[in-house]
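Observations on the model geometry
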Amino acid sequence: MDPGDVAYEPVSVKEVLAEMKDTAELLIDLSYSAVLHGSDDIAEEVLALEERMEILQLRARMSLLMAARTPDDAEALAPVLGVVGAAQKISDAAGDIAKIVLEDIGLPDAMRAALPEAVETLVRGAVDPASPYAGRSLEEINMETETGVRVIAIRRAGDWITNPDHETTLEANDVVLLRGLEEGLATVYETATGAPYEPPRAPEPAIDDLERAVDSIVLMKNISELAVDLAYGAVLFDSEGVAEEVSELEAEMDALESRFEAWTLRAASRVEDPISLRGLMHLAHATEVISDAALEISEGVLRGLDTHPVVAAAVEESDEIIVRLTVAPGSALADATLGDRMVKTETGMRVIAVRRPEGATEGGGEWVVSPGPRTELHAGDVLLAKGTRAAAERLGDLAGDPQEYDE
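Residues numbered from 1 in each chain as written. Predicted model: local features only at pLDDT ≥ 70, side-chain atom pairs only at ≥ 80, totals over all residues. Heavy atoms only, no water.

**A word on the sheet that holds strand β6 (residues 175-180)**
Ordered in space as β1-β6-β3-β4, the four strands form an open sheet in which the pairing is antiparallel. Each edge of the open sheet carries a strand with a single partner, namely β1 (121-126) and β4 (159-162). Taken pair by pair, the neighbouring strands of this sheet meet at an average axis angle of 20°, ignoring direction. Relative to β6, strand β3 (residues 150-156) is paired through five bridges, and the arrangement is antiparallel. If you follow Arg 155 over to β6, its bridge partner there is Val 175. In the packing of helix α1 (residues 13-37) onto the sheet, contacts are made with β1, β3, β4 and β6, and the angle to β1 comes to roughly 100°. Lying on the sheet, helix α2 (residues 40-67) is in contact with β1, β3, β4 and β6; it crosses β1 at an angle near 80°. (Pairing = 2+ DSSP bridges. Helix = DSSP H or I, 4+ residues; strand = E, 2+ residues; numbered from the N terminus. Axes fitted to C-alpha atoms, helices over the stretch in contact; angles between N-to-C directions. Contact = heavy atoms within 4.5 Å.)

**With respect to the packing of α1 against α2**
Their axes nearest at 9 Å, the elements α1 and α2 cross at an angle of 160°. Relative to α2, α1 is oriented roughly antiparallel. As for how α1 packs across α2, the hand of that crossing is left-handed. Along the contact surface, α1 presents Val 13, Val 16, Glu 19, Met 20, Thr 23, Ala 24, Leu 26, Leu 27, Leu 30, Ser 31 and Ala 34, while α2 presents Ile 42, Ala 43, Val 46, Leu 49, Glu 50, Arg 52, Met 53, Leu 56, Gln 57, Ala 60, Ser 63 and Leu 64. Within the contact of α1 with α2, the residues separate by chemical class into 16 nonpolar, four polar and three charged. (Parallel < 35°, antiparallel > 145°, perpendicular 65-115°, else oblique. Left-handed = near helix turned anticlockwise from the far one by under 90°. Nonpolar A, V, L, I, M, F, W, Y, C, P; charged D, E, K, R; others polar.)

**Observations regarding the environment of Leu 295**
Structurally, Leu 295 is set in helix α10 (residues 278-302). Look at Leu 295 and you get partly exposed, because its relative accessible area is 23%. The sequence separation of Leu 295 and Ala 86 amounts to 209 residues, and the corresponding C-alpha distance is 8.6 Å. Discounting chain neighbours no more than four positions away, the residues touching Leu 295 are Val 246, Ser 247, Glu 250 and Leu 302. (Buried < 20%, exposed > 50% of the residue type's maximum accessible area, 1.4 Å probe, protein only.)

**Here we look at the sheet that holds strand β10 (residues 367-369)**
Ordered in space as β7-β12-β9-β10, the four strands form an open sheet in which the pairing is antiparallel. Edge positions in the sheet fall to β7 (321-326) and β10, since each has one partner strand and no second. Strand-to-strand twist across the sheet, computed as the mean angle between neighbouring axes with direction ignored, equals 25°. Summarising the sheet, strand β9 (residues 350-355) and β10 pair through three bridges and their orientation is antiparallel. Residue Val 354 lies in a different strand from β10, and its bridge partner there is Val 368.

**Some thoughts on the packing of aromatic side chains**
Using the criterion set out here, one finds one aromatic pair in the structure. For the cation-ring pair, Lys 21 lies above Tyr 232, with the distance from its terminal atom to the ring centre recorded as 5.6 Å. The ring of Tyr 32 carries Lys 221 above its face, with NZ or CZ at 5.6 Å from the centroid. (Phe/Tyr/Trp six-rings, centres within 6.5 Å; stacked < 30°, edge-to-face > 60°. Lys NZ or Arg CZ within 6 Å of the ring centre and 35° of its normal.)

**Let's talk about α1**
With 25 residues, α1 extends 36 Å between its outermost C-alpha atoms, agreeing within 8% with the 36 Å of an ideal straight helix rising 1.5 Å per residue. For α1, a buried count of 21 out of 25 residues is recorded, marking the element as mostly surrounded by other parts of the structure. Within two residues after α1, Gly 38 carries a phi angle of roughly 60°, on the positive side. (Expected span 1.5 Å × (residues − 1).)

**Focus: the environment of Glu 252**
Residue position: Glu 252 is located in helix α9 (residues 240-268). For the pair formed by Glu 252 and Met 220, sequence separation is 32 residues and the distance between their alpha carbons is 8.8 Å. Contact partners of Glu 252, with chain neighbours within four places excluded, come to Ile 223 and Arg 259.

**Some thoughts on the pattern of salt bridges**
Counted according to the given criterion, the structure contains 16 salt bridges. Across the pair Arg 155 and Glu 45 runs a salt bridge, and its minimum N-O distance is 2.8 Å. With Arg 155 in strand β3 and Glu 45 in helix α2, the pair connects residues that are 110 residues apart, well separated along the chain. Taking relative accessible area as the criterion, Arg 155 reaches 21% and is therefore assigned partly exposed. (Salt bridge = Lys/Arg side-chain N within 4 Å of Asp/Glu carboxyl O.)

**A closer look at the nonpolar core**
Judged by nonpolar contacts, the single largest core of 78 residues is most densely connected at Met 20, Leu 30, Leu 230 and Leu 384. Of all the elements, helix α8 (residues 208-237) adds the most residues to this core, at 14 residues. Excluding residues that lie within four positions of it along the chain, Leu 230 makes contacts with Val 242, Glu 245, Val 246, Leu 249, Trp 367 and Leu 384. Membership of the second largest hydrophobic core comes to 18 residues, among which are Leu 333, Met 349, Val 354 and Leu 395. (Core = buried A, V, L, I, M, F, W, Y, C linked by side-chain atoms within 4.5 Å.)

**What to know about the packing of α1 against helix α3 (residues 71-102)**
At a minimum axis distance of 9 Å, the contact between α1 and α3 shows a crossing angle of 20°. By the criterion of interaxial angle, the relationship of α1 to α3 is roughly parallel. For the pair α1 and α3, the sense of crossing is left-handed. On α3, the residues that touch Leu 17, Met 20, Ala 24, Leu 27, Ile 28, Ser 31, Tyr 32, Ala 34 and Val 35 of α1 are Val 80, Val 84, Ala 87, Ile 90, Ser 91, Ala 94, Ile 97 and Val 101. Looking at side-chain class alone, the contact of α1 with α3 contains 15 nonpolar, two polar and no charged residues.

**What to know about α3**
Compared with the 46 Å implied by 1.5 Å per residue over 32 residues, the 46 Å span of α3 between its first and last C-alpha is a close match. Taking the largest bend as the criterion, α3 deviates by roughly 35°, centred on Leu 77, and proline Pro 79 comes between one and four positions later. Positive phi shows up at Asp 104, right after α3, with a value of about 50°. (Bend = angle between axes of the 7 residues up to and from the residue.)

**Structural notes on a negative patch on the surface**
Among the surface-exposed residues, Asp 40, Glu 44, Glu 103 and Asp 104 lie close enough to one another that they form a single negatively charged patch. Here Asp 40 shows up in helix α2. On the basis of relative accessible area, Asp 40 is assigned to the partly exposed category, the value being 40%. (Patch = residues over 30% accessible without salt bridge, like charges linked within 9 Å, V, L, I, M, F, W, Y side chains within 5 Å. Areas by Shrake-Rupley, 256 points an atom, 1.4 Å probe, with all protein chains shown as cover. Lys, Arg positive; Asp, Glu negative; His and termini not counted. Charge placed at Lys NZ, Arg CZ, Asp CG, Glu CD.)

So this is what it looks like as structure tokens:
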């Protein structure tokens, strides 16, 4: 649909904002995956989602304008427009990242070399009508339990299903986005599409300065994703403390960008074709835009403005919620690693960051970005995690910080 053809229709602002949040998060994930794996197919999906986001933001703005009948209404709804605008900026930045791949702007193979071993890969494929998956629910297929691969999104006849659950049924010709380890992905991809799976080509090692530049931008990517998650968390919990963390992360992004620029300029004198580094510069700029947009989402909280109920409700009722909980002394998570307790498998929650308490013997007051299976947790650690309400309750029980949600 052409965004210019969108006409006003009565819609729930809460539902539109929830969909914008889920779409923005999916766009970030897909755009970086397109770059890291050099996938034109995934990049094309990003542009399709970007167009969907344009329609959503137009509908949100029209509904908000219709709702503002008095100066008091306008004052209360102004921060909501800021959240809408920030989500659109994230979408535009994700589109710019995708175009690095589609337009062959220039990106060194070192970007893919930055992927650690055994990292999860994201692939796109269409469900073949003859596939054993066609016409079956994800619960019946039991894909994640048996293979470790999960369906993170489905595009069906132009419409998107983000964060599909166990009741979601796969239909013939659905375009599915799969995430998992290479071994499981190969099996699932071939079963779903009927075509052989081709893993991404492993690149040759890069020169030192270029590797440092790429390491910087990968860290920028992780921080920008965390900043967006924390920003929505700040809105949901109306937490000035979490919003201040977003501000700190944005400042860290500025410092990282300076280091990235220095390493890239040094590498330019040593690579055969400096033009091939243009894509890295584009990627750094888009990543900075995402970080800035995260700060805009949390800006109202930072200024002491009450979160508008419609925004808090939209964040809470989106497909995934963000929870902030504290590891209690003597709980199952205290003095254990995420891998020891199989947190993702046992609860369904993905821990996106760990905040060490002030006064801790090591790393006090600092965030652990993108914690892994070897990340050790201790009493007093603050966890930020994403998942369903039921999964959040299970994680809360493990941490000794019960979470209750109305379904």
